[in-house]
Amino acid sequence: MTGDIRAGQGSALAPTETAFTLLVTSVLDYGIFMLDPEGHVSSWNAGAERIKGFRAADIIGKHFSVFYPPEDIAARKPHTELETAIAEGRLEDEGWRIRKDGSRFWANVVITPLFDETGELRGFGKVTRDMTERRAAEQALTERRRLFTHLVQAQELERRRIAWDVHDDSIQAMVAVGMRLQLLADQAGEPYAHELSLLDATVREAVGRLRNLTFRLQPPGIDRHGLVESLSQHLNDVVAGSWGLESSLEHNLQTEPAPETAITVFRIVQEALLNVRKHARADAVRVSVTTESQGLKVQVADDGTGNAAVAPRLQEHFGLMEMRERAETAGGWWTMRTAPGTGTTVEFWVPDLPTGELDERLPGAPVRSFDSLTAPQGPS
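Computed from a predicted structure; not experimentally measured. (Residues numbered from 1 in each chain as written. Predicted model: local features only at pLDDT ≥ 70, side-chain atom pairs only at ≥ 80, totals over all residues. Heavy atoms only, no water.)

Caption draft 1: Region of interest: the overall build of the chain. Each helix and strand counted, the chain has 12 helices and 9 strands in total. Burial status across the chain gives 41% buried among its 380 residues. About 20,600 Å² of surface is accessible on the chain, with carbon and sulfur atoms providing 54% of the total. (Helix = DSSP H or I, 4+ residues; strand = E, 2+ residues; numbered from the N terminus. Buried < 20%, exposed > 50% of the residue type's maximum accessible area, 1.4 Å probe, protein only. Areas by Shrake-Rupley, 256 points an atom, 1.4 Å probe, with all protein chains shown as cover.)

This is the structure:
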């Protein structure tokens, strides 16, 4: 046994007190011990020995400041914590503590003053938990999220740069070529005029495809209006307006997700909708965005032909690989279900970062609430 929690009391323990004492002294996950009014260790349990490395015989009678690093001792932190515990009735703190071998560990500490029936201070109860692994996991998660934020920023900046280059260089050059072809067609006689007109039509089609590409690279609105309005606008202008598909959007979001989360969701939905247009032979598509498990769960479901036989081959399609990689890079998951006659459903979940968790974010995305927003419906 590593020390009696009721050190200094000679009376026999009642059965319930004996059970409680056995429980406290046997606990391994928490260091539970007592201090006298001056802060000297007066009891010690097995958990304290496991966490701090001191045996009861080594530590009882010593001042609890031996558990603190030198910089905390110099700042009189141990004494201040006892004073605060007396003044406020309880103190909880997290910080570095020292084991017997001199190594540091990250501890959660609770100190409670103990008074007798006359109000005299009899000592302190102290509970210590080793939080080193949890802190390391939190730091690793924070670093992963920071790297993910930088990745999203880099991707969006590169998309923006490519869109600008295509718009300001390639499209303008091809428009000039088209204008020159029109002028030559007006001036040339047959059969050259007809051939020049065909070339002009080909150039105009290419310009249209490039403009669609720039729109996909940099859709307007997400950095100004937020996720729901951007998805709604994309469904209304592109899916319903340009493609002629019936579309709907359902959501239960109360606040705007973090910018990198919104961008990730939008990009995956954008790619899923493009696949519906190319492969599904669908008449309608439904998008739903719900808050789930501290993240966003999204479904893109169509009423197309659906074919389980082609699903394995589609999994190797670049667009599907991109969707999966985006979701998994964000720390989430992605899946696709398809079957003949039931259409195809793309479903994914990505975690959301609490507002203010990271300092480095994409600028401009608002944090606001949605009172009511009905997504525009496509033509029936």
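Caption draft 2: Quick peek at the packing of helix 10 (residues 259-280) against helix 12 (residues 318-329). Two numbers describe how helix 10 lies on helix 12: the axes approach to 10 Å, and their chain directions differ by 160°. Looking at the two axes, helix 10 sits roughly antiparallel to helix 12. Remark: the crossing between helix 10 and helix 12 carries left-handed chirality. Between helix 10, through Thr-264, Arg-267, Ile-268, Glu-271, Ala-272 and Asn-275, and helix 12, the contact on the second element is made entirely by Gly-319, Leu-320, Glu-322, Met-323, Arg-326 and Ala-327. Its residues assigned to classes, the contact of helix 10 with helix 12 shows 5 nonpolar, 3 polar and 4 charged. (Axes fitted to C-alpha atoms, helices over the stretch in contact; angles between N-to-C directions. Parallel < 35°, antiparallel > 145°, perpendicular 65-115°, else oblique. Left-handed = near helix turned anticlockwise from the far one by under 90°. Contact = heavy atoms within 4.5 Å. Nonpolar A, V, L, I, M, F, W, Y, C, P; charged D, E, K, R; others polar.)

Caption draft 3: Geometry of the sheet that holds strand 2 (residues 91-98). Ordered by their spatial adjacency, 4 strands build an open sheet running 1-4-3-2, and the pairing between neighbours is antiparallel. Of all the strands in the sheet, just strand 1 (31-35) and strand 2 have a single pairing partner and so form its edges. Strand after strand, the sheet turns through a mean of 30° between neighbouring axes, direction not considered. Direction of pairing for strand 3 (residues 104-115) relative to strand 4 (residues 121-130): antiparallel, over a ladder of 9 bridges. Across the sheet, residue Pro-113 finds its bridge partner in strand 4, namely Phe-124. Helix 5 (residues 77-88) contacts strand 1, strand 2, strand 3 and strand 4 of the sheet and is inclined by roughly 165° relative to strand 2. (Pairing = 2+ DSSP bridges.)

Caption draft 4: Molecular detail of unusual backbone geometry. Positive phi, normally seen in glycine, also occurs at Arg-76, with a value near 60°. You can see Arg-76 is positioned in the loop between helix 4 (70-74) and helix 5. Judged by its relative accessible area of 43%, Arg-76 falls in the partly exposed class. With phi around 50°, Arg-281 is a residue other than glycine that occupies positive phi space. Here Arg-281 lies in the loop between helix 10 and strand 6 (284-292).

Caption draft 5: Highlighting the pairing of strand 1. Here strand 1 shows a buried face lined by Gly-31, Phe-33 and Leu-35 and an unburied face lined by Ile-32 and Met-34. Direction of pairing for strand 1 relative to strand 4: antiparallel, over a ladder of 5 bridges. The residue of strand 4 that forms the bridge with Gly-31 is Thr-128.

Caption draft 6: Representation of helix 10 within the structure. Helix length check: helix 10 (22 residues) gives 30 Å between terminal C-alpha atoms against 32 Å at 1.5 Å per residue, within 8%. Of all 22 residues in helix 10, 19 are buried, a share of seventy percent or more. (Expected span 1.5 Å × (residues − 1).)

Caption draft 7: Structural detail: the packing of helix 9 (residues 227-240) against helix 10. In the contact formed by helix 9 and helix 10, the axes pass within 10 Å of each other and the chain directions differ by 20°. As the angle between them shows, helix 9 and helix 10 are arranged roughly parallel. Relative to helix 10, the crossing made by helix 9 is right-handed. Residues Leu-227, Ser-230, Leu-231, His-234, Leu-235 and Val-239 of helix 9 lie in contact with helix 10, whose contacting residues are Ala-262, Val-265, Phe-266, Val-269, Gln-270 and Leu-273. In the contact of helix 9 with helix 10, the residues fall into 9 nonpolar, 3 polar and no charged.

Caption draft 8: Highlighting the pairing of strand 9 (residues 343-351). Along strand 9, 9 of the 9 residues are buried, which leaves the element largely enclosed by surrounding structure. The side-chain alternation of strand 9 yields two buried faces, one formed by Gly-343, Thr-345, Glu-347, Trp-349 and Pro-351 and the other by Thr-344, Val-346, Phe-348 and Val-350. With 7 bridges connecting them, strand 8 (residues 333-339) and strand 9 associate as antiparallel partners. Bridging across to strand 9, Ala-339 finds its partner in Gly-343. Remark: 3 residues form the turn of the hairpin made by strand 8 and strand 9, two consecutive strands paired antiparallel; Gly-341 in that turn has positive phi of roughly 80°.

Caption draft 9: The arrangement of the sheet that holds strand 5 (residues 246-251) in detail. Pairing in this open sheet of 5 strands is mixed, and the strands run 5-6-7-9-8 from one edge to the other. One side of each edge strand has no neighbouring strand; the edge strands of this open sheet are strand 5 and strand 8. Between one strand axis and the next, the sheet turns by 10° as a mean value, whatever way the strands run. Taken together, the 8 bridges between strand 6 and strand 7 (residues 295-302) define a ladder with antiparallel strand orientation. By the bridge assignment for strand 7, Val-287 is matched with Val-300. Sitting on the sheet, helix 9 is in contact with strand 5, strand 6 and strand 7, with an inclination near 170° to strand 5.

Worth remembering: the numbers are spatial, not functional.
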